[in-house]
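# Descriptive analysis of the structure
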Amino acid sequence: MVARLAVWSGPRNISTALMRSWENRPDTIVVDEPLFAHWLATTGTDHPGREDVLATYEHDWRRVVDELTGPVPEGVAVYYQKHMAHHLTPQVEHEWMTRLTNVLLIRDPREVVASYQKSRPRFVARDLGFEQLVELHEELATATGTAPPVVDAADFLRAPEAHLRALCSLVGVAFTERMLHWPAGPRDSDGVWAPHWYRTVWESTGFEPYRTRDVSLSGRSAEVAEECRPAYEQLYAVRLRP
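Structure report, in brief. (Residues numbered from 1 in each chain as written. Predicted model: local features only at pLDDT ≥ 70, side-chain atom pairs only at ≥ 80, totals over all residues. Heavy atoms only, no water.)

### Things to note about the pattern of salt bridges
Put simply, the test is: Take a side-chain nitrogen of Lys or Arg and a carboxyl oxygen of Asp or Glu: if they are within 4 Å of each other, that pair is a salt bridge. The secondary structure listing takes helices from DSSP runs of H or I that are at least 4 residues long and strands from runs of E that are at least 2 residues long, numbered from the N terminus. Three exposure classes are used, based on accessible area relative to the maximum for each residue type with a 1.4 Å probe and protein chains only: buried under 20%, partly exposed in between, and exposed over 50%.
The final tally for this structure, using the stated rule, is 19 salt bridges. Linking R50 and E51 is a salt bridge whose minimum nitrogen-to-oxygen distance equals 3.5 Å. Here R220 ties to E223 by a salt bridge, and the two come within 3.2 Å at their closest N and O atoms. Of the two residues, R220 and E223 both sit in helix 11 (residues 219-236), three residues apart, roughly one turn of that helix. For E223, a relative accessible area of 45% corresponds to the partly exposed category. One connected set of salt bridges, linked through shared partners, spans D108, E226, R229 and E233.

Now the structure itself:
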């Protein structure tokens, strides 16, 4: 039985590093933000790399879901799916998610905003996915009877092995040390948007230890971070503590 691990987050989290970690397993394949093109095509959002994304990937969410829930190559034990919660437009039906093992990934909104605004200076709170993550947490809890685990990025970086062991247990595979380190550089699995967002991950060979960041926000950026805080704190209160 193939485990389909769907990790939902907002941008500027540790989502790409976590995808690297799982991709370094010999029994795992990954997919990078498969609903991105659908979101861009449906919302008309201006975004770095927009035209390349639209030209490269499937716009029809139904076809995307067919791939996410369909056959995988022989020998694959885990199909790791890196998702952005804000890519779930109102057009996307959600029944298929109950066939996946879902995990929510969060990060302090001030840190998210400080990083995100470097590549995209104009944005609103829902572009960061916090509200959608709360909605998804409540919806999946109701649909499946069990709330999906919530992983906080800072907690994870303080104890990556403990969190990875917990996630491996969740999907029924053994932890391997290969998940803690990986070769530097890009991957064929990286989205075409990677040059705009993945430079730090391309230079990495593992998870960087957590460090407190001196974040200074002002104006609209500070307002957006505060708009996201209630949703973040709601999820943070029920986060995984392995």
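### Some remarks on unusual backbone geometry
Glycine aside, negative phi is the norm for most residues, and most peptide bonds take the trans geometry. In this model, R12 sits at a positive phi of 60°, which is unusual for a non-glycine residue. The phi dihedral of E33 is positive, around 50°, even though this residue is not glycine.

### Some details on the packing of helix 5 (residues 109-116) against helix 11
Operational definition: Axis definition: a line fitted to C-alpha atoms, over the contacting stretch in the case of helices. Angles run 0 to 180 degrees between N-to-C directions. Every angle not falling under 35 degrees, over 145, or within 65 to 115 is termed oblique; those three ranges are roughly parallel, roughly antiparallel and roughly perpendicular. Left-handed describes a crossing in which the near helix is turned anticlockwise from the far one by less than a right angle; the clockwise case is right-handed. Residue contacts follow a heavy-atom distance rule, with two residues in contact if any of their heavy atoms lie within 4.5 Å. As a working rule, the residues Ala, Val, Leu, Ile, Met, Phe, Trp, Tyr, Cys and Pro are called nonpolar, Asp, Glu, Lys and Arg charged, and the rest polar, with Gly in that last group.
Following both chains from N to C, one finds helix 5 and helix 11 inclined at 140°, their axes separated by 8 Å at the closest point. Regarding the angle of helix 5 to helix 11, the classification is oblique. At the point where helix 5 passes helix 11, the crossing takes the right-handed sense. Mapping the contact onto sequence places P109, R110 and V113 in helix 5 and S221, V224, A225, C228, R229 and Y232 in helix 11. Of the residues belonging to the contact of helix 5 with helix 11, the class tally is six nonpolar, one polar and two charged.

### A look at the nonpolar core
Condition: For the purposes of this section, nonpolar cores are sets of buried Ala, Val, Leu, Ile, Met, Phe, Trp, Tyr and Cys residues that join through side-chain atoms within 4.5 Å.
Core analysis: the largest hydrophobic core is formed by 50 residues, its most contacted members being W8, W96 and L128. The element best represented in this core is helix 11, accounting for seven residues. Non-local contacts of L128, meaning those with residues more than four positions away in its chain, are made with G10, P11, V112, V113, Y116, F123, V224 and C228. In this structure, A153, L164, L167 and V171 belong to the second largest nonpolar core, which totals 27 residues.

### Things to note about helix 6 (residues 130-144)
Filter applied, for reference: Multiplying one less than the number of residues by 1.5 Å gives the expected span of a helix.
Here helix 6 is 15 residues long and its end C-alpha atoms lie 21 Å apart, about the 21 Å a rise of 1.5 Å per residue gives. Those residues of helix 6 that are buried are in contact with strand 1 (3-9), strand 4 (101-106), helix 5, strand 5 (150-152) and helix 11. Of the residues trailing helix 6, G145 is marked for its positive phi of about 85°.

### Details of the sheet that holds strand 2 (residues 28-32)
The line we're drawing: At least two bridges found by DSSP between two strands is the condition for calling them paired.
Read across the open sheet, the five strands follow the order 2-3-1-4-5; overall the sheet is parallel. Of all strands in the sheet, those with a lone pairing partner are strand 2 and strand 5, marking the two edges. Taken pair by pair, the neighbouring strands of this sheet meet at an average axis angle of 20°, ignoring direction. In this sheet, strand 3 (residues 78-84) lies alongside strand 1 in parallel orientation, the contact comprising seven bridges. Looking at the pairing, W8 lines up with H83 of strand 3. Sheet strands touched by helix 8 (residues 160-171): strand 1, strand 4 and strand 5. Its angle to strand 4, the strand with the most contacts, is close to 160°.

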